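Residue-level listing of the chains:
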Protein chains: 2
Amino acid sequence: MKPIAESTVRRLSLYLRFLEEFEAQGQLTISSGELAVSRGTTSAQVRKDLSFFGSFGKRGLGYDVRDLIGSIRQILGLHRTWSVVIIGAGKIGAALAQYRGFATRGFHVVGIYDKDPARIGTKLGEITVRSDLEIERDIERLRPQIAVLCVPGEVAQAVVDRVTDAGITAVLNFAPAQVQVPNGVTMRAVNMATELEILAFGLSHPEELAS
Amino acid sequence: MKPIAESTVRRLSLYLRFLEEFEAQGQLTISSGELAVSRGTTSAQVRKDLSFFGSFGKRGLGYDVRDLIGSIRQILGLHRTWSVVIIGAGKIGAALAQYRGFATRGFHVVGIYDKDPARIGTKLGEITVRSDLEIERDIERLRPQIAVLCVPGEVAQAVVDRVTDAGITAVLNFAPAQVQVPNGVTMRAVNMATELEILAFGLSHPEELAS
């Protein structure tokens, strides 16, 4: 299978969101055209996205909603559960620790860590904040795949180095800093400053930002 | 000026972040190669990105760091301030209301709204949560450009309709739902589920995700 662009994976995730809504409403089949409209893309793009992974759907009948949900979940790796540690129990870390969307999508938060003694031992929902000194031992013991970084920018790289050395293979970075990960580690960044700046660009240059 | 891809704007934002770090360290000039290394791209890409907006830098001497920061800030629309309202004072909304990065980048939070009587009137940092019934009147009075949505998914579209009808022209959507905005309104979404699913794809298909 050839490398898949992140934009394709992103669209698959959005198709999945839409298909789940349709399933909840009792719809059994859907056309590539309907999926395209929902996502503001074309039916040719939808068929191309799905063709990366083999053939689905029947000409003229569209896709079976439940089958397609199953296929996309399998493709995205959502047919199994993943374990997550959150590093940093500040406002964002605490909010994420209690984010129900993790569990409903099969992402289990198995630990949250901080180095502030005032936070260590406090409860966030069902989970208790542990000392950052426990990070390596817990990763070796619990074998989480994903680390969510909610630490200050200036320590982000050091924390990434620690968790990837200990065996983490995917990082979701909320820290306001660019970090490097070793080969073989998947990284995503949610950068508020960048999102705001893209908005400011759109406001400053109406009609110029390609959609 | 032809339409500019979002990926270009995103890279400009990241160059800016890096340039600001370099300025803080006292560096006066920088080559496209140094900028490229910092962002994991090529010097040709850097020169192409900057060429969209006219010519900067001198061959062999590189870019003047302070000039380039000024130019990118101007391009991105960061040479002025923007006013922001936050809709929803739950965990994410409350965390964002107290996010210092807004103000330091020229984004002033002028209001935060909720419909829960238990939240209305509470203080979040320097700002007091107001009733969602005040949204339209406040937008007309304070003329904010940006609304940050931190509401449940099922009400997200209705809230977007209300704020854009009232005059908001840029939306940053944290709600776990796809929303449509009228023509002329800029929209960005931060979708935790999508970020997690892209990570899960990367974990399930190592080496396959194109970077």
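Not measured: the values here are computed from a predicted model.

Thresholds, definitions, all that
- Residues numbered from 1 in each chain as written.
- Chains lettered and ligands numbered in written order.
- Predicted model: local features only at pLDDT ≥ 70, side-chain atom pairs only at ≥ 80, totals over all residues.
- Helix = DSSP H or I, 4+ residues; strand = E, 2+ residues; numbered from the N terminus.
- Buried ≥ 20, exposed ≤ 12 C-beta atoms within 10 Å, placed from the backbone.
- Contact = placed C-beta atoms within 7 Å.
- Axes fitted to C-alpha atoms, helices over the stretch in contact; angles between N-to-C directions.
- Parallel < 35°, antiparallel > 145°, perpendicular 65-115°, else oblique.
- Left-handed = near helix turned anticlockwise from the far one by under 90°.
- Nonpolar A, V, L, I, M, F, W, Y, C, P; charged D, E, K, R; others polar.
- Pairing = 2+ DSSP bridges.
- Least-squares fit on C-alpha atoms with pLDDT ≥ 70 in both.
- Expected span 1.5 Å × (residues − 1).
- Arc of directions from axis to C-beta.
- pLDDT = per-residue confidence, 0-100.
- Domains from an automatic or database assignment.

1. Thoughts on the overall build of chain A
Okay, step 1: Counting its secondary structure elements, chain A contains nine helices and nine strands.
Okay, step 2: Taken along its principal axes, the extent of the C-alpha atoms in chain A is 60 × 45 × 35 Å.
Okay, step 3: Put simply, chain A has 211 residues, and 36% of those count as buried.
Okay, step 4: The contacts in chain A between residues at least 6 apart in sequence include a share of 56% that link residues at least 24 apart.

2. Quick word on the packing of helix α9 (residues 192-204) of chain A against helix α1 (residues 6-24) of chain B
Okay, step 1: At a minimum axis distance of 9 Å, the contact between α9 of chain A and α1 of chain B shows a crossing angle of 125°. As summarised for this structure, α9 of chain A and α1 of chain B are arranged oblique, according to the angle between their axes. When the axes of α9 of chain A and α1 of chain B are compared, the crossing they make is right-handed. Contacts between α9 of chain A and α1 of chain B pair Ala-193, Thr-194, Glu-197, Ile-198 and Phe-201 of chain A from the former with Glu-6, Val-9, Arg-10, Ser-13, Leu-14 and Arg-17 of chain B from the latter.
Okay, step 2: Of the residues assigned to the contact of α9 of chain A with α1 of chain B, the class counts are five nonpolar, two polar and four charged.

3. Focus on the pairing of strand β6 (residues 127-131) of chain B
Residue and element names in this part refer to chain B.
Okay, step 1: With three bridges joining them, strand β4 (residues 107-114) and β6 adopt parallel strand pairing. Across the sheet, residue Tyr-113 finds its bridge partner in β6, namely Arg-130.
Okay, step 2: Of the pairings in the sheet, the one linking strand β5 (residues 123-124) to β6 comprises two bridges and is antiparallel in character. Following the sheet pairing, Leu-124 is matched in β6 by Ile-127.
Okay, step 3: Taking the residues that link successive antiparallel strands as the turn, the β5-β6 hairpin has two residues, and the phi of Gly-125 there is positive, at about 60°.

4. A word on the packing of helix α7 (residues 135-142) of chain A against helix α8 (residues 153-166) of chain A
Residues and elements named next belong to chain A.
Okay, step 1: Between α7 and α8, whose axes approach to 9 Å, the crossing angle comes to 30°. Between α7 and α8, the interaxial angle falls into the category roughly parallel. Seen from above, α7 lies across α8 with right-handed handedness. For the pair α7 and α8, the contacting residues are Ile-135, Glu-136, Ile-139 and Glu-140 in the first and Arg-162, Val-163 and Ala-166 in the second.
Okay, step 2: Among the residues making up the contact of α7 with α8, the classes are represented as four nonpolar, no polar and three charged.

5. Let's talk about the interface of chain B and chain A
Okay, step 1: Tallying the contact residues gives 50 residues for chain B and 50 residues for chain A.
Okay, step 2: Secondary-structure elements contributing two or more residues to the side of chain B that touches chain A are α1, α5 (91-97), β8 (170-173), β9 (186-189) and α9 (192-204) of chain B.

6. Some words on the relation of the copies chain B and chain A
Okay, step 1: Rotating chain B by 180° about the axis while translating it 0.0 Å along that axis superimposes it on chain A, leaving an RMSD of 0.1 Å. Both copies are brought into coincidence by an operation consistent with a two-fold rotation axis.
Okay, step 2: In this assembly the copies share their binding face: 100% of the residues contributing to the interface of chain B also contribute to that of chain A.

7. Considering the sheet that holds β9 of chain B
Residues and elements named next belong to chain B.
Okay, step 1: Strands sit in the order β5-β6-β4-β3-β7-β8-β9 across an open sheet of seven strands; the sheet is mixed. Edge positions in the sheet fall to β5 and β9, since each has one partner strand and no second.
Okay, step 2: Bridge analysis of strand β3 (residues 82-87) against β4 gives six bridges, and the strand direction is parallel. Within the sheet, the bridge partner assigned to Trp-82 lies in β4 and is Phe-107.

8. Considerations on α8 of chain A
Helical periodicity: at 3.6 residues per turn, an α-helix aligns residues three or four positions apart in one direction.
Residues and elements named next belong to chain A.
Okay, step 1: Across its 14 residues, α8 extends 21 Å between first and last C-alpha, which sits within 8% of the 20 Å expected from 1.5 Å per residue.
Okay, step 2: Taken together, the buried positions of α8 are Ala-156, Val-159, Val-160, Val-163 and Thr-164.
Okay, step 3: Turning to α8, the residues buried within the fold contact β3 (82-87), α7, β7 (146-149) and β8 (170-173).
Okay, step 4: Of the residues flanking the end of α8, it is Gly-167, one or two places downstream, whose phi is positive at about 125°.

9. Focus on helix α3 (residues 43-51) of chain B
Residue and element names in this part refer to chain B.
Okay, step 1: Taken as a whole, α3 has its buried residues at Val-46, Asp-49 and Leu-50. Angular distribution of buried residues about the axis of α3 spans 90°; they occupy a single face of the element. The exposed residues of α3 that point more than 90 degrees off its buried face are Ala-44 and Ser-51.

10. Focus on the environment of Asn-191 of chain A
Okay, step 1: By secondary structure assignment, the location of Asn-191 of chain A is in the loop between β9 (186-189) and α9.
Okay, step 2: With 167 residues separating them along the chain, Asn-191 of chain A and Ala-24 of chain A place their C-alpha atoms 32 Å apart.

11. Comments concerning the sheet that holds strand β5 (residues 123-124) of chain A
Residue and element names in this part refer to chain A.
Okay, step 1: Taken together, the seven strands give an open sheet; going across it, the order is β5-β6-β4-β3-β7-β8-β9, and neighbouring strands pair in mixed fashion. Edge positions in the open sheet fall to β5 and β9, since each of these has one partner strand only.
Okay, step 2: Where α8 meets the sheet, its contacts fall on β3, β7 and β8, and the angle it forms with β7 comes to roughly 165°.

12. Quick word on the confidence of the model for chain A
Okay, step 1: Taken residue by residue, chain A gives an average pLDDT of 86. The fraction at 70 or more is 91%.
Okay, step 2: With a pTM of 0.76, the predicted complex shows an ipTM of 0.80.

13. Focus on the environment of Thr-194 of chain B
Okay, step 1: Tracing the backbone through its elements, the reader meets Thr-194 of chain B in helix α9.
Okay, step 2: Sequence-wise, Thr-194 of chain B and Gly-167 of chain B are 27 residues apart; in three dimensions their C-alpha atoms are separated by 29 Å.
Okay, step 3: Among residues more than four places away in sequence, those in contact with Thr-194 of chain B are Arg-10, Ser-13 and Leu-14 of chain A.

14. Some points on unusual backbone geometry
Okay, step 1: For Arg-143 of chain A, which is not a glycine, the phi torsion comes out positive at approximately 50°.
Okay, step 2: With respect to the element layout, Arg-143 of chain A can be found in the loop between α7 and β7.

15. Side note on the domain arrangement of chain A
Okay, step 1: Along its sequence, chain A is organised into domain 1 (6-76) and domain 2 (82-194).
Okay, step 2: Placing a centre on the C-alpha atoms of domain 1 of chain A and another on those of domain 2 of chain A gives a separation of 32 Å.

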